[in-house]
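Descriptive structure summary
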Amino acid sequence: MKNLRKTLGFKVVLCWVIFSFFTQIASADVVTTQEGNITTSVLNSDTSSEGEFDILDGYTHNVVGNGYNWLFTDTSGNASNISGTLNLHDVFFMLVNQMGINIGANGRINAHDANLILSTLRITPENFFNKNFEFESGDNAGKIVNNGEITSNQLVALIGHAIENNGAVIAQLGKVAFGVGSKVSLTMDPEGLIHVIVTDPSLLDTIANGALFKNTGNIIADGGQVVISSAVAKEVYIQAVNNEGVIRANSIDDKAGRIVIKGNKEVRIGGKSVISADMTSGLQDSGTSGLPRIDIQSGDAVIIEDNAVVSANAVDNSDAGYINIDGHKRGVLIRDNAKVLAKGADINSNAGRVFINSFHDIENPEQIIDGYIQGNHGFIADNAVIDASGGDKN
């Protein structure tokens, strides 16, 4: 058994084919073949499978979905490790493993006209096939760690008790969603906007990096959406969100980007952060998808550290976007040399809007070149810049 697994390099295919081989002949839900280091699975119907899911470094698994859905639940009792390449074609693929999911530095998931969800929370096959994406915790509080690269032009969603991205998640013209908690739902509204709703906080009360959601890598969905929602138990002091990397949803053609970051506790935008929904083409307010927007919301505090940049700027012949920063309890803290920008570009553009919503009085409001303060509470450092100026169109 061990030698055969090593030869195939893709453990789940081996386990599943062995114990399901005879039923596969009758139902032919998935036909799996192996040639050298390459495994290919072809779906002939919607399928729910169980087994062990690992892809070794140097190995490839191709999934040809033919428009069907595949839910795979790893029941091995160990975390799933993707160190090789998973290619998804024309399929909605979901991997569930309560013990955890790890994508190694050489791991690649390429979703070609395909949707992908990785989750350490449970979902029933009925809910998955009916696109009722309701996730809830099981017996284990696994986390998802991405050190590799995930790409798609549709949906990429990571759901778990904790998520750490040190690699790249890229969905050009698509949607990237992260939900951190013990009960999470994904929904889509009639306008195509994705919503991540966390109704119960994560079961984790300690975590090595101090945040349930941490990003040091790149999360990119130009012309699309990035949505992050994270909830910590009330009695635990852990950051809900800590971003040290790049989160970007710039516009493409007439499609504006949108970024939503929500946490019930502290949301930290670190000093190396770039959060960008800039206009990179001539999109104006009459565009088919509106203007770019960034919402950063916390039930506790939003902290924008030294040198961090949050921007929804315009380029020539386009309008700038909207930035909303909301710290409900302890307010908004914008440190030295941090920049919050929604600037117009030229005479043919409009400036954007920056809203700061807090609970206490804003200190140093003179640092706001142009923008809006609603409510009270917050501190803006002497060298910080909040600027929604420029643009003379109106």
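For the structure itself, consult the block above.
The residue numbers shown here count from 1 along each chain, following its written sequence. Residue-level local features of this predicted model are given only where pLDDT is at least 70; pairs of side-chain atoms are given and counted only at 80 or more, and the full residue set underlies all totals for whole chains, interfaces and linings. Values reported for side chains reflect all heavy atoms of the structure, with hydrogen atoms and water molecules removed beforehand.

Notes on the side chain of Asp222
Along the chain, the position of Asp222 falls in the loop between strand E23 (218–220) and strand E24 (225–230). With a relative accessible area of 7%, Asp222 lands in the buried category. Two residues form a contact once any of their heavy atoms are found within 4.5 Å. Setting aside anything within four residues of it in sequence, one finds Asp222 in contact with Ala171, Gln172, Leu173, Arg248, Ala249, Asn250 and Ile252. Secondary structure counts use DSSP, requiring at least four H or I residues in a row for a helix and at least two E residues in a row for a strand, with both numbered from the N terminus. Type-normalised accessible area, obtained with a 1.4 Å probe on protein chains alone, sets the label of each residue: buried when under 20%, exposed when over 50%, and partly exposed for intermediate values.

Here's the deal with the side chain of Asn215
Examined against the element boundaries, Asn215 turns out to sit in strand E22 (residues 211–215). Its relative accessible area of 0% is what places Asn215 among the buried residues. Two N or O atoms count as a polar contact when they lie within 3.5 Å, although within protein this holds only if one can serve as hydrogen donor and the other as acceptor, and sequence-adjacent residues are included solely when both atoms are side-chain atoms. A polar contact of 2.8 Å, which involves the side chain of Asn215, links it to the side chain of Asn165. Every residue in contact with Asn215, bar those within four places of it in the chain, is listed here: Asn165, Asn242, Asn243, Glu244, Gly245, Val246 and Ile247.

Brief notes about the packing of aromatic side chains
In this scheme Phe, Tyr and Trp rings, the latter by its six-membered ring, pair at centre separations within 6.5 Å, and the angle between planes marks the pair as stacked below 30 degrees, edge-to-face above 60, and tilted otherwise. Using the criterion set out here, one finds nine aromatic pairs in the structure. When the ring of Phe53 is compared with that of Phe93, the centres are 5.9 Å apart and the planes differ by 40°; the resulting orientation is tilted. Residue Phe53 is found in the loop between strand E3 (47–51) and strand E4 (54–55), and its partner Phe93 is found in strand E9 (residues 92–96); the two are separated by 40 residues along the sequence. Ring centres of Phe92 and Phe128 lie 5.6 Å apart, and the angle between their planes is 80°; on these two criteria the pair is classed as edge-to-face.

With respect to the sheet that holds strand E13 (residues 133–136)
DSSP-based pairing: two strands are paired if at least 2 bridges between them are found. Within the open sheet, the three strands sit side by side as E13-E20-E21. Their pairing is antiparallel. The open sheet terminates on both sides in strands that have one partner only, identified here as E13 and strand E21 (194–200). Strand-to-strand twist across the sheet, computed as the mean angle between neighbouring axes with direction ignored, equals 15°. Where strand E20 (residues 183–188) and E21 come together, six bridges link them in antiparallel fashion. Note on E21: the bridge partner recorded for Met188 is Ile194. Fitting a line to C-alpha atoms yields each axis, with helices limited to the stretch in contact; the angle taken between N-to-C directions then spans 0 to 180 degrees.

Focus on unusual backbone geometry
The phi torsion at Asp113 lies on the positive side, around 50°, for a residue other than glycine. Along the chain, Asp113 turns up in the loop between strand E11 (108–112) and strand E12 (115–119). Asp113 sits in the partly exposed class, given a relative accessible area of 48%. With phi around 70°, Asn307 is a residue other than glycine that occupies positive phi space.

Things to note about the pattern of salt bridges
The salt bridge definition used is simple: a Lys or Arg side-chain nitrogen within 4 Å of an Asp or Glu carboxyl oxygen. Evaluated as defined, the whole model comprises 11 salt bridges. The closest approach of N and O atoms between Arg330 and Asp300, which form a salt bridge, is 3.0 Å. Of the two residues, Arg330 is situated in the loop between strand E33 (322–327) and strand E34 (331–334) and Asp300 in the loop between strand E30 (293–298) and strand E31 (301–304); the sequence distance between them amounts to 30 residues. By relative accessible area, which is 41% here, Arg330 ends up partly exposed. Take Asp300: its relative accessible area is 9%, and that puts it in the buried class. Put simply, Glu244, Arg268, Glu305 and Arg335 are held in one network by salt bridges that share partners.

Considering the pairing of E3
By the alternation rule, side chains of E3 split into Thr47, Ser49 and Gly51, which are all buried, and Ser48 and Glu50, of which none is buried. Bridge analysis of E3 against strand E6 (residues 69–74) gives five bridges, and the strand direction is parallel. The partner of Ser48 across the bridge, within E6, is Leu71.

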